[in-house]
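Residues per chain, in single letters:
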Amino acid sequence: RKEVEQDPGPFNVPEGATVAFNCTYSNSASQSFFWYRQDCRKEPKLLMSVYSSGNEDGRFTAQLNRASQYISLLIRDSKLSDSATYLCVVNPPGGNQFYFGTGTSLTVIP
Amino acid sequence: ETGVTQSPTHLIKTRGQQVTLRCSSQSGHNTVSWYQQALGQGPQFIFQYYREEENGRGNFPPRFSGLQFPNYSSELNVNALELDDSALYLCASSSRGGRVVEQYFGPGTRLTVT
């Protein structure tokens, strides 16, 4: 079983829409979770760390559900500039390895 | 920008050759992790260096090796290149000590093996 699984999409949404991505992880003891954004042929950029209580940064909201072992990312009022691949990342306890999902592709359409 | 730099940006090598990729970490960061990202995939962890020692390794063969220097910069060496080694190689810089360790990526080196 993979450490991290994501729906690859693609998600094609109109400007202004709300879109949500989920990501499941296999190690129930994992402590650290992140969402990264990756533009085509560029490096991943940290979008948000995901805290147990959930966290919000402008139009972006990240949630952690430990019982079901998934993290989510909600993007409100989508902009054209949100078009990218979104990678979820899990860091199991005591490990130095970050496990990346395969990424979810988002295209925001005018 | 993250302040993490990598060189070279692009490289073309022939099967069987050896390659060295370089990474300079962000100021104040003491840990460097290397990842391989094949087209259409998420980054795969190769290994991590902390205090000039390998500190965790993913599922990569021994022909992938590395170094970390006293200034925390790092090298990734790959021997006996294979066609499947063609990928984007990313280094990520971080700092130990916090409860949540965030990693910041350099722009990557795109390696093509022919």
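Before reading further, recall that the structure is shown in the block above.
Residues numbered from 1 in each chain as written. Chains lettered and ligands numbered in written order. Predicted model: local features only at pLDDT ≥ 70, side-chain atom pairs only at ≥ 80, totals over all residues. Heavy atoms only, no water.

Trainee: What am I meant to see in the layout of surface pockets here?
Mentor: One simple way to see leftover space: roll a probe sized like a water molecule over the atoms. By volume, the largest pocket amounts to about 520 Å³. Looking at the largest pocket, it is lined by 23 residues, and the ones nearest its centre are Gln37, Ala38, Leu39, Gly40 and Gln41 of chain B. Listed by contribution, the elements that provide at least two residues to the lining of the largest pocket are strand S9 (84-91) and strand S11 (104-109) of chain A together with strand S9 (87-94) and strand S11 (109-113) of chain B. For the lining of the largest pocket, a count of residues per class yields nine nonpolar, 11 polar and three charged. In this model, the second largest pocket occupies a volume close to 420 Å³. Forming the boundary of the second largest pocket are 21 residues, of which Lys2 and Phe100 of chain A together with Gly42, Pro43 and Gln44 of chain B lie nearest the centre. Listed by contribution, the elements that provide at least two residues to the lining of the second largest pocket are strand S1 (4-6) and strand S10 (99-100) of chain A together with strand S5 (44-50) of chain B. The element best represented in the lining of the second largest pocket is S1 of chain A, accounting for three residues. For the lining of the second largest pocket, the residue count by class is eight nonpolar, 10 polar and three charged. (1 Å grid on protein atoms, 1.4 Å probe; cavity = no way out; pocket = protein on both sides within 12 Å on 5 of 7 lines; lining within 4 Å. Points joined across faces, edges and corners; volume = space filled by probe spheres on them. Helix = DSSP H or I, 4+ residues; strand = E, 2+ residues; numbered from the N terminus. Nonpolar A, V, L, I, M, F, W, Y, C, P; charged D, E, K, R; others polar.)

Trainee: Would you explain the interface of chain A and chain B in this entry?
Mentor: Much of the literature gives interface size as the accessible area that the parts lose upon coming together. At the interface, 19 residues of chain A touch 25 residues of chain B. Surface buried jointly by chain A and chain B totals about 1800 Å² across both partners, of which 50% is contributed by carbon and sulfur atoms. For the pair chain A and chain B, the number of links is zero salt bridges. Counting across the chain A and chain B interface gives three residue pairs in polar contact (both at pLDDT 80 or more). Looking at which element gives the most residues to the side of chain A that touches chain B, the answer is strand S4 (residues 32-38) of chain A, with four residues. Taken together, the residues of the side of chain A that touches chain B break down into eight nonpolar, eight polar and three charged. (Contact = heavy atoms within 4.5 Å. Buried area = accessible area lost by both parts, 1.4 Å probe. Salt bridge = Lys/Arg side-chain N within 4 Å of Asp/Glu carboxyl O. Polar contact = N/O pair within 3.5 Å; in protein donor to acceptor, adjacent residues only side chain to side chain.)

Trainee: Explain the side chain of serine 93 of chain B here, please?
Mentor: Residues and elements named next belong to chain B. Tracing the backbone shows serine 93 in strand S9. Polar contacts involving the side chain of serine 93 include one to the main-chain amide nitrogen of glutamine 26, which spans 3.1 Å. Setting aside residues up to four positions removed in sequence, serine 93 forms contacts with Val4, Ser25, Gln26, His29, Thr31, Glu102, Gln103 and Tyr104.

Trainee: So what exactly am I meant to see when it comes to the packing of aromatic side chains here?
Mentor: The geometry of an aromatic ring pair is captured by two quantities: the separation of the ring centres and the angle between the planes. All names here are of chain A. Scanning the model with the defined rule gives 13 aromatic pairs over all chains in all. Look at phenylalanine 34 and phenylalanine 98: their rings are 5.4 Å apart centre to centre, the planes differ by 15 degrees, and that puts the pair in the stacked class. Of this pair, phenylalanine 34 sits in strand S4 while phenylalanine 98 sits in the loop between S9 and S10, and the two are 64 residues apart along the sequence. When sorted by exposure, phenylalanine 34 lands in the same class as phenylalanine 98, which is buried. (Phe/Tyr/Trp six-rings, centres within 6.5 Å; stacked < 30°, edge-to-face > 60°. Buried < 20%, exposed > 50% of the residue type's maximum accessible area, 1.4 Å probe, protein only.)

Trainee: When you look at the pairing of S11 of chain B in this model, what are you seeing that I'm missing?
Mentor: Every other side chain in a regular strand lies on the same face of the sheet, so the side chains alternate between the two faces. All names here are of chain B. Counting buried residues in S11 gives four out of five residues, a clear majority hidden from the surface. Both strand S2 (residues 10-13) and S11 contribute to a ladder of four bridges, which runs parallel. Paired with isoleucine 12 across the two strands is threonine 112, which belongs to S11. (Pairing = 2+ DSSP bridges.)

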